[in-house]
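In case you want the letters, here they are:
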Number of protein chains: 2
Amino acid sequence: MKDGLYSAPQKDIRFVLREVLEVERTLARHAPAAAIDNETLDQIIEGADRFCHGELAPLNATGDQQGCVLKDGKVSTPDGFRAAYEIYAASGWPGLCAKEEDGGQALPMMASAILGEMLSGSNISWALYPRLSEGAYRCIVANAPADLRKLYAPKLATGQWTGTMCLTEPGAGTDLGLLRTQAAPAGDGGYLLNGTKIFISSGEHDLTENIVHLVLARLPGAPAGTRGVSLFLVPKRLPDAEGRPGEFNQVFCDAIEDKLGLHGNATCVLRFEGARGYLLGEPDKGLAAMFVMMNSARLGTGAQALGLNEWGYQKSLAYAQERLQSRSPVKPKSAGYGPDPIVCQPDVRRMLLTQKVWAESARMFLYWIALQIDLDLHGNEEGLRREARDLLALLTPVAKAFVSDNAVESVSLAMQVHGGSGYVTDTGIEQTFRDVRILPIYEGTNGVQANDLLARKVLPDDGARLKRLLAMIERQDQAWADMPAMAPFLAPLSSLAQRTQTLLPGLLDAAVRDPLRFSSCATDFLRIVGHLVYGYFWCRAAHAALTKLPDGDAFRSEKLAAARFYFEHLFVEVEMRIARLSASADSIMEPAALECR
Amino acid sequence: MKDGLYSAPQKDIRFVLREVLEVERTLARHAPAAAIDNETLDQIIEGADRFCHGELAPLNATGDQQGCVLKDGKVSTPDGFRAAYEIYAASGWPGLCAKEEDGGQALPMMASAILGEMLSGSNISWALYPRLSEGAYRCIVANAPADLRKLYAPKLATGQWTGTMCLTEPGAGTDLGLLRTQAAPAGDGGYLLNGTKIFISSGEHDLTENIVHLVLARLPGAPAGTRGVSLFLVPKRLPDAEGRPGEFNQVFCDAIEDKLGLHGNATCVLRFEGARGYLLGEPDKGLAAMFVMMNSARLGTGAQALGLNEWGYQKSLAYAQERLQSRSPVKPKSAGYGPDPIVCQPDVRRMLLTQKVWAESARMFLYWIALQIDLDLHGNEEGLRREARDLLALLTPVAKAFVSDNAVESVSLAMQVHGGSGYVTDTGIEQTFRDVRILPIYEGTNGVQANDLLARKVLPDDGARLKRLLAMIERQDQAWADMPAMAPFLAPLSSLAQRTQTLLPGLLDAAVRDPLRFSSCATDFLRIVGHLVYGYFWCRAAHAALTKLPDGDAFRSEKLAAARFYFEHLFVEVEMRIARLSASADSIMEPAALECR
């Protein structure tokens, strides 16, 4: 925090990049095509911080107060949003990881992870305008025919246009198989779309001259359910061959939602009424094609969670350091009554450290995820690529749900640290409390993520991908087993890995014999996997602190204390989660008040 | 829920009153002066439900949208609030438990507990206007000289006037010893007060002709800290001897807060500028005198939490029963795809049951607390009165903090069940999510409650009061030990009671040897005590269901399933809490980023 505004925790970020993940060395060795040196990473950190602290953070509260306005089908964003976007696009941030041929900078995904954390921490409502474009870009690159790609991908890479993801309809949310938007062939290779999409973030705005909607719809005669869903690219304005946006397409913003938070971002109801669209990927394979963007959005939600978690921590720490109330318990009685800053109170410190450690855990995890994406794309050995791909598939739902649930808890603690002041508008933390609450809901609720993890990522391969994670933990355990200072960290993690291994067969068996019990375990299981991951990274962080930071250094002690706090206070949640897994499904399924026909 | 509005869970309430707590029999036997029969309880339940569902619930959303308006020092409450208040007062609700000599109905506190749940569930912003009056009334009865009491108590008992509690100042929140408001003798036995109080709920409004402020202030030359704080009664308008409100006192509402929720309630900044006041209780003993009201407000916060928890559950259950999405896992495949109501999904049921069981647990606990107040006041044996008093002292912070934290979790789950719809304003659950969040903050933050429990209720008597609770659990365990059907409930509770007994000496010892560790345990310890209490009540509920409800009855099965759900899913939280208690204070106190001078 600087001048009362978000500023990036540069030192913590560098610690993760250099000491914990060794990004420069790892990419140079295993994915030279995506290599990046520490100096370039530093430039990104400093440049992104300058932009986010200087341009976006000052617009965060005003954007919340003003909100968006819909008039005659056009959305006006809050004051300053457009000017900030112009700076953003002119600085090349939209295309950080886009290909050079599209006008991008072809940097590794780590660059985007760093930027994503800061954009969301400083102004999540603003960040939602450009950030969905990244997934849309990747989806177009993966699925569009050459001519479409050539027309649209550079517009997204340069930030001239933004992208949206149009999935949800009034009758189709979690269950996309129910969607009813129709796409009829126009006779010229294109399609005409009819239907209504809701909850479309950034669906209409005044930041760019055009918007590219990626829309799920059904072709005539398509099979029912998810097997009859296709993906279409539908521009707000139809471009000519040179990419100049021309006449308006038949896409109408009928309403924007009044909602708990994210007031600066327009959540739109979009009506497609004979809107021209272009097929992306194969007919009826729209969900698979969309998954590139969906996974990107899920990881993006994790990044938003990290940013808001960090911001809440900065804000509540600053408050706790300023607010004088009661006596410090570490002050000698002889020093008189006080009052002292409340940061001295153990219970306040518990709340602050919970936020700090959730944020730092998320950072290690999400930056590592970014590394896996580059290893998947550019790894120089098939085994490495395969491992990265498996871990990404396994852990994407964890990166979405675990990180966002922890962020909601963290921001609530940030409010709690503020006491009564936290509940009033002026302080600003109540905005963050409202903003962060969307994260467990959108891009697939956290219940959907838990089900995705258990039923789609663990069950189908009999836990093979999960065992890759356990093996990674086991390798680490063995590598550092001779360091007594590592024992307090390695021991509980290793024990959890073994317990997970032990309970896995029973869980997989339940999928067949007792599917209700299996389903009812999903959320608890996701929390356990989350702690396997965080435990793994706190071991790495502790090891990095012990071996790479100078003895006696305050930052070193702080990281070791954070690792201890994690294992002593947060990791122990697994005791509760494992206990729950042994419950039968009866108490969940029986109660008649919750009649289920 | 009825017509989309809050309606009281009458059947659940009756189950607690009749089967679990046996209120009629218990009071008749142990506190005949407070006796009440089931028919009268039924009348209260039905009458309160009629008023809350019919008058208050329809004003809940509109009150939130309109909020309060401050103009020229006067607060206007939202449309309909005043009319509802007139009906409320005319129906005698304000004086349900007030003494007959003051115009009250002298009913036992159970009547107030029932009413309190429903008022808050239907419209917490409205409820905060009259409900603080109850504590103010009791505080005046306990502390005011005869003439003051005669003038003021009936006004509160009849609801002609309302009461407030003026503690917090900009520099004095948790630490009331820092308060600076001054009270100078006026020479005629009265005092003139000068100072500013903030966060005063219902501090100014248009519902009644007068408001009675109970204000903490310092007499000239009073000792520093909490030992120099006195309590004063300060009316908004000075009444004549017949109680007709006359000229305005020098109390000015300078501002009302913009805040996250509770928009329909005016949270005021009150400036006392030579305001006439009257001493309540002894000079410099204001905190002790105020504690009657403070404890009442803390239990009131529990009641608010119960009401909002119940309302969130009703709302999300109704949504889950209506929203068709995905296939029910219990439907035979042959029945086709669906979609079915999401209430059929195990993960959704988990969220609904968590809310339901938190609400039902809180109801048993808080109604039992009301019973203890009557046993304390009217019990016919000193031993009983003493036990009730001890348990009340011990469990008031638990009733405030445990119940409110669970309610925040519950309402968040209610939002989660709604998916994207929960985040938009129309659905209404986002209002409840905003409203409920104040509960862990006001009337002493939940951290303050945890410290109160551990450092003031357990430590000073070496755990004697806590051991009363453990003994109560032990007696129950022995009484029902011969019922095999009770074993799944009694066993985990008994085990927790023993573990608590075992860890108590170490904890008390830490208070002396390692006070930072002691303090840092407070929140986890409160959660453990909360589960001792809830576990105790779910044993009683299960026993009542088994012995008093007919075999094969759906309601009986539901209560037993709820008890199982409680022990299998919620009670197991203690595993995590106990694990945390063994942590040292180092990881909390060390991190240098949280510098503590």
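Labelled according to an unreviewed UniProt entry, chain A appears under the name 3-methylmercaptopropionyl-CoA dehydrogenase, originating from Parapusillimonas granuli. The Function (unreviewed entry) field of the UniProt record for chain A holds the comment "Involved in the assimilation of dimethylsulphoniopropionate (DMSP), an important compound in the fixation of carbon in marine phytoplankton, by mediating the conversion of 3-(methylthio)propanoyl-CoA (MMPA-CoA) to 3-(methylthio)acryloyl-CoA (MTA-CoA)." Under the heading Cofactor (unreviewed entry), UniProt records this for chain A: "FAD".

Looking only at helices and strands, chain A features 20 helices and eleven strands. For chain A, whose C-alpha radius of gyration is 24 Å, the value lies close to the compact-globule estimate of 25 Å for 597 residues. Burial analysis of chain A (597 residues in total) assigns 64% to the buried set. Sequence separation of 24 or more characterises 74% of the internal contacts of chain A that already satisfy a separation of 6 or more.

What follows is about helix H10 (residues 382-417) of chain A. Between its first and last C-alpha atoms H10 of chain A spans 49 Å; for 36 residues at 1.5 Å apiece the expected length is 52 Å, and the two agree. Looking one or two places after H10 of chain A, you find glycine 419 of chain A, whose phi comes out positive at around 60 degrees.

A few words now on the pairing of strand S9 (residues 245-248) of chain B. All names here are of chain B. In this sheet, S9 lies alongside strand S8 (residues 237-239) in antiparallel orientation, the contact comprising two bridges. Paired with proline 239 across the two strands is proline 245, which belongs to S9. Counted between consecutive antiparallel strands, the loop separating S8 from S9 contains five residues, among which glycine 243 sits at a positive phi close to 85 degrees.

All right, on to the interface of chain B and chain A then. Where interface size is quoted, it is often the accessible area lost as the parts come together. With 88 residues of chain B at the interface, the matching set in chain A holds 88 residues. Sorting the residues of chain B by area buried against chain A places Arg349, Tyr423 and Leu594 of chain B first, and these three jointly supply 11% of that buried surface. In this assembly, chain B and chain A are joined by two salt bridges. With a closest N to O distance of 3.0 Å, arginine 564 of chain B and glutamate 590 of chain A form a salt bridge. Take the side of chain B that touches chain A: its biggest share by element is eight residues, from helix H18 (residues 554-570) of chain B.

So, on to the UniProt feature "domain: Acyl-CoA oxidase/dehydrogenase middle" (unreviewed entry) in chain A. Within this numbering scheme, the UniProt entry marks residues 165-273 of chain A as carrying the feature "domain: Acyl-CoA oxidase/dehydrogenase middle" (unreviewed entry). Annotated as 0% helix and 46% strand, the span residues 165-273 of chain A places its first and last C-alpha atoms 17 Å apart.

Let's shift gears to the domain arrangement of chain A. Residue and element names in this part refer to chain A. If you check the domain split of chain A, you get domain 1 (10-147), domain 2 (162-284) and domain 3 (460-583). Just the C-alpha atoms count here: the centres of domain 1 and domain 2 sit 24 Å apart. Each side of the interface is counted separately: domain 1 has 27 residues, and domain 2 has 26 residues. Around 2,300 Å² of area is buried between domain 1 and domain 2 when both sides are counted, 66% of it from carbon and sulfur atoms.

What follows deals with the packing of aromatic side chains. Residue and element names in this part refer to chain A. In this structure the tally under the stated criterion is 47 aromatic pairs over all chains. Considering the side-chain rings of tyrosine 85 and tyrosine 88, the 6.0 Å spacing of their centres and the 45 degrees angle between planes classify their relative orientation as tilted. Of this pair, tyrosine 85 and tyrosine 88 are both found in helix H5 (residues 81-90), three residues apart, which corresponds to roughly one turn of the helix. An aromatic cluster is present here, built from Trp358, Phe365, Trp368, Phe402, Phe489, Tyr534, Tyr536, Phe537, Trp538, Tyr566, Phe567 and Phe571 joined pairwise through their rings. The residue whose ring lies beneath arginine 237 is phenylalanine 248, and the NZ or CZ to ring-centre distance is 4.9 Å.

All right, on to the packing of helix H6 (residues 109-143) of chain A against helix H8 (residues 286-322) of chain A then. Residues and elements named next belong to chain A. The interhelical angle for the contact between H6 and H8, taken along N-to-C directions, is 165 degrees, at an axis separation of 9 Å. Considered as vectors, H6 and H8 are oriented roughly antiparallel to each other. The handedness of the crossing between H6 and H8 is right-handed. Broken down by class, the residue content of the contact of H6 with H8 amounts to 15 nonpolar, eight polar and three charged.

Turning our eyes to something else, we now look at the relation of the copies chain B and chain A. For the pair chain B and chain A, the relating rotation is 180 degrees, the translation along its axis is 0.0 Å, and the fit reaches an RMSD of 0.0 Å. With respect to symmetry, the two chain copies, as superposed, fit the operation of a two-fold axis. Mapped onto chain A, 100% of the interface residues of chain B again fall at the interface, so both copies present the same surface.

In terms of nonpolar packing, the biggest core is built from 357 residues, with Phe365 and Leu469 of chain A together with Phe365 and Leu469 of chain B touching the most fellow members. When sequence neighbours within four positions are dropped, the list of residues in contact with phenylalanine 365 of chain A reads Leu395, Val398, Ala399, Val403, Val533, Tyr534 and Phe537 of chain A. Within the second largest apolar cluster, 32 residues are counted, among which are Tyr152, Met165, Leu231 and Ala297 of chain B.

For the rest of this paragraph, the subject is the environment of proline 223 of chain A. Residue and element names in this part refer to chain A. If you trace the backbone, proline 223 turns up in the loop between strand S6 (211-217) and strand S7 (230-235). Judged by its relative accessible area of 37%, proline 223 falls in the partly exposed class. Considering only alpha carbons, one finds proline 223 and glycine 177, 46 residues apart in sequence, at a separation of 9.8 Å.

Okay, the side chain of asparagine 143 of chain B next. On the secondary structure map, asparagine 143 of chain B appears in helix H6 (residues 109-143). Leave out the neighbours within four places in its chain, and asparagine 143 of chain B touches Leu280, Gly281 and Ala289 of chain B.

Within this numbering scheme, the UniProt entry marks residues 479-590 of chain A as carrying the feature "domain: Acetyl-CoA dehydrogenase-like C-terminal" (unreviewed entry). Helix makes up 81% of residues 479-590 of chain A and strand 0%, with an end-to-end C-alpha separation of 48 Å.

All right, on to the pairing of strand S5 (residues 191-201) of chain A then. All names here are of chain A. As judged from the four bridges shared by strand S4 (residues 182-185) and S5, these two strands associate in the antiparallel manner. Bridging from a neighbouring strand, alanine 183 pairs with leucine 193 of S5. Linking two consecutive strands that pair antiparallel, namely S4 and S5, is a turn of five residues; a positive phi of about 95 degrees is found at glycine 187 within it. Of the pairings in the sheet, the one linking S5 to strand S11 (residues 267-280) comprises nine bridges and is antiparallel in character. Its bridge partner lying in S11, tyrosine 191 is registered against glycine 277.

Conventions used here
- Residues numbered from 1 in each chain as written.
- Chains lettered and ligands numbered in written order.
- Predicted model: local features only at pLDDT ≥ 70, side-chain atom pairs only at ≥ 80, totals over all residues.
- Heavy atoms only, no water.
- UniProt positions renumbered as here; feature names shortened; annotations may be inferred.
- Helix = DSSP H or I, 4+ residues; strand = E, 2+ residues; numbered from the N terminus.
- Rg over C-alpha atoms; globule rule 2.2 N^0.38 Å.
- Buried < 20%, exposed > 50% of the residue type's maximum accessible area, 1.4 Å probe, protein only.
- Contact = heavy atoms within 4.5 Å.
- Expected span 1.5 Å × (residues − 1).
- Pairing = 2+ DSSP bridges.
- Buried area = accessible area lost by both parts, 1.4 Å probe.
- Salt bridge = Lys/Arg side-chain N within 4 Å of Asp/Glu carboxyl O.
- Domains from an automatic or database assignment.
- Phe/Tyr/Trp six-rings, centres within 6.5 Å; stacked < 30°, edge-to-face > 60°.
- Lys NZ or Arg CZ within 6 Å of the ring centre and 35° of its normal.
- Axes fitted to C-alpha atoms, helices over the stretch in contact; angles between N-to-C directions.
- Parallel < 35°, antiparallel > 145°, perpendicular 65-115°, else oblique.
- Left-handed = near helix turned anticlockwise from the far one by under 90°.
- Nonpolar A, V, L, I, M, F, W, Y, C, P; charged D, E, K, R; others polar.
- Least-squares fit on C-alpha atoms with pLDDT ≥ 70 in both.
- Core = buried A, V, L, I, M, F, W, Y, C linked by side-chain atoms within 4.5 Å.

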